[in-house]
Amino acid sequence: QGNNVLLALTRPDVIENIHLQYLESGAEIIESNTFNSNAISMSDYGLEGQVYEMNVAAAQVARRAVERHRRNHPDRLAWVAGSIGPTNRTLSLATDMNRPAFRTHTFDQFVAAYTEQIRGLMDGGVDLLLCETVFDTLVLKAALFAIQEFFAAQKVRLPVMVSATITDKSGRTLSGQTIEAFLNS
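Criteria and thresholds
Residue indices follow the written sequence of each chain, beginning from 1 at its first position. Reporting of local features is limited, given that this is a predicted model, to residues whose pLDDT is at least 70; pairs of side-chain atoms are given and counted only at 80 or more, and all residues count toward the totals for whole chains, interfaces and linings. For the side-chain quantities, the full set of heavy atoms in the structure was used; hydrogens and water were omitted. Secondary structure elements follow DSSP: runs of H or I of four or more residues count as helices, runs of E of two or more count as strands, with numbering from the N terminus. Just to be clear, the radius of gyration here is over C-alpha atoms, and the globule rule we use is 2.2 Å times residues to the power 0.38. Classification of residues uses two cut-offs on accessible area relative to the type maximum, computed with a 1.4 Å probe and protein chains only: under 20% is buried, over 50% is exposed, and between them is partly exposed. Here, strands pair whenever DSSP counts at least two bridges between them. The working definition used for a salt bridge is a side-chain nitrogen of Lys or Arg within 4 Å of a carboxyl oxygen of Asp or Glu. Note on geometry: axes are lines fitted to C-alpha atoms, helical ones only across the stretch in contact, with angles between N-to-C directions running from 0 to 180 degrees. The contact definition used throughout considers only heavy atoms, calling two residues in contact when any of these lie within 4.5 Å. In this analysis, the expected span of each helix is defined as 1.5 Å times one less than the number of residues it contains. Throughout, the arc means the angular range of directions from the helix axis out to the C-beta atoms. For Phe, Tyr and Trp, where Trp contributes only its six-membered ring, two rings pair if their centres lie within 6.5 Å, and the inter-plane angle classes them as stacked under 30 degrees, edge-to-face over 60, or tilted in between.

1. Structural notes on the overall build of the protein
Counting its secondary structure elements, the protein contains seven helices and four strands. Listing each helix as α and each strand as β along the protein from the N terminus yields α-α-β-α-α-β-α-β-α-β-α. For the protein, the C-alpha radius of gyration of 17 Å lies close to 16 Å, the compact-globule estimate for 185 residues. Along the first, second and third principal axes, the C-alpha set of the protein runs to 55 × 35 × 35 Å.

This is the structure:
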């Protein structure tokens, strides 16, 4: 039904093999299969209660692939990036043109969803966190805030990376920001 993140629980062997193929082809960073492993996105499948478990499992699958690759290639380093996707909702854009202020979720709900995902990724053994395919700066702010709060509470820090989505040749995000505006936000 399109819920590929569930494969970390149902077919970890398939996901590990994909990771190994990337590593064998020269990748130094592989992503956990957790792009939509958050309560907001998983609510479409009724799997909000399995988010932590999915993130731990996906991080562990990626970690196993990295460790296996290191045993075969001790001279090559590789890392696991905990993939944190944008969710399938937005905070910046109106979802109902008849009610321009309406949003399906609040900033705090995004922070809570991301915090649970981050906890699972960290417990699963990632080396860094990657907020990826960002199209809504306010959602990214919720993810970065959740990361910052988690790091402070756990007295831990890992590298954090961000990738933005540019929708067309205009050089703007889906919400209309230029890259410069995105960075300033």
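From this point, things continue past the structure.
2. Some points on the pairing of strand E2 (residues 79–84)
Within E2, five of the six residues are buried, leaving the element largely enclosed by the surrounding structure. Note that strand E1 (residues 29–31) and E2 share three bridges and pair parallel. Paired with glutamate 31 across the strands is alanine 81, a residue of E2. Pairing geometry for E2 and strand E3 (residues 128–134), over four bridges, is parallel. Within E3, the position partnered with serine 83 by the bridge is leucine 130.

3. Some thoughts on the pattern of salt bridges
In total, this model carries six salt bridges according to the counting rule given. Between arginine 64 and glutamate 16 there is a salt bridge, with its nearest N and O atoms 3.5 Å apart. Here glutamate 16 lies in helix H2 (residues 12–24) and arginine 64 lies in helix H4 (residues 51–72), a separation of 48 residues in the sequence. The exposure class of glutamate 16 is buried, given its relative accessible area of 12%. For arginine 63, the salt bridge is made with aspartate 127, and the minimal N-O distance between the two is 2.6 Å. Placement of arginine 63 in helix H4 and of aspartate 127 in the loop between helix H5 (107–124) and E3 is noted, with a sequence separation of 64 residues between them. Overall, arginine 63 belongs to the buried group, its relative accessible area being 15%. Aspartate 127 gets classed as partly exposed once you look at its relative accessible area, which sits at 22%. Sharing partners across several salt bridges, the network here consists of Arg63, Glu67, Arg70 and Asp127.

4. A word on the sheet that holds E1
The strand order across the open sheet formed by four strands is E1-E2-E3-E4, and the pairing between neighbours is parallel. Unpaired on one side and paired on the other, E1 and strand E4 (160–164) mark the two borders of the sheet. Geometrically, the sheet is characterised by an average inter-axis angle of 30° between neighbouring strands, direction not taken into account. Sheet topology note: the E3/E4 ladder contains four bridges and is parallel. Pairing of cysteine 131 across the sheet is with valine 162, part of E4. Sitting on the sheet, H5 is in contact with E2 and E3, with an inclination near 165° to E2.

5. Notes on H2
In this model H2 runs 18 Å from its N-terminal to its C-terminal C-alpha over 13 residues, within 8% of the 18 Å that 1.5 Å per residue would give. Listed in full, the buried residues belonging to H2 are Ile15, Glu16, His19, Leu20 and Leu23. The arc that holds the buried residues of H2, viewed along the axis, is 140°, so those residues lie on one side. Those residues of H2 hidden inside the fold are in contact with helix H1 (7–10), E1 and H4. Just beyond H2, the residue with positive phi is glycine 26, at close to 115°.

6. Some points on the packing of aromatic side chains
Across all of its chains, the model carries two aromatic pairs by this definition. The interplanar angle of 50° and the centroid separation of 6.3 Å between the aromatic rings of phenylalanine 107 and phenylalanine 145 together place this pair among those described as tilted. Of this pair, phenylalanine 107 sits in helix H5 while phenylalanine 145 sits in helix H6 (residues 137–154), and the two are 38 residues apart along the sequence. We classify phenylalanine 145 as partly exposed; its relative accessible area is 37%. For the ring pair phenylalanine 110 and tyrosine 114, a centre distance of 6.4 Å and an interplane angle of 45° mean the geometry is tilted. Of this pair, phenylalanine 110 and tyrosine 114 both sit in helix H5, separated by four residues, roughly a single helical turn. For the pair formed by phenylalanine 110 and tyrosine 114, the shared burial category is buried.

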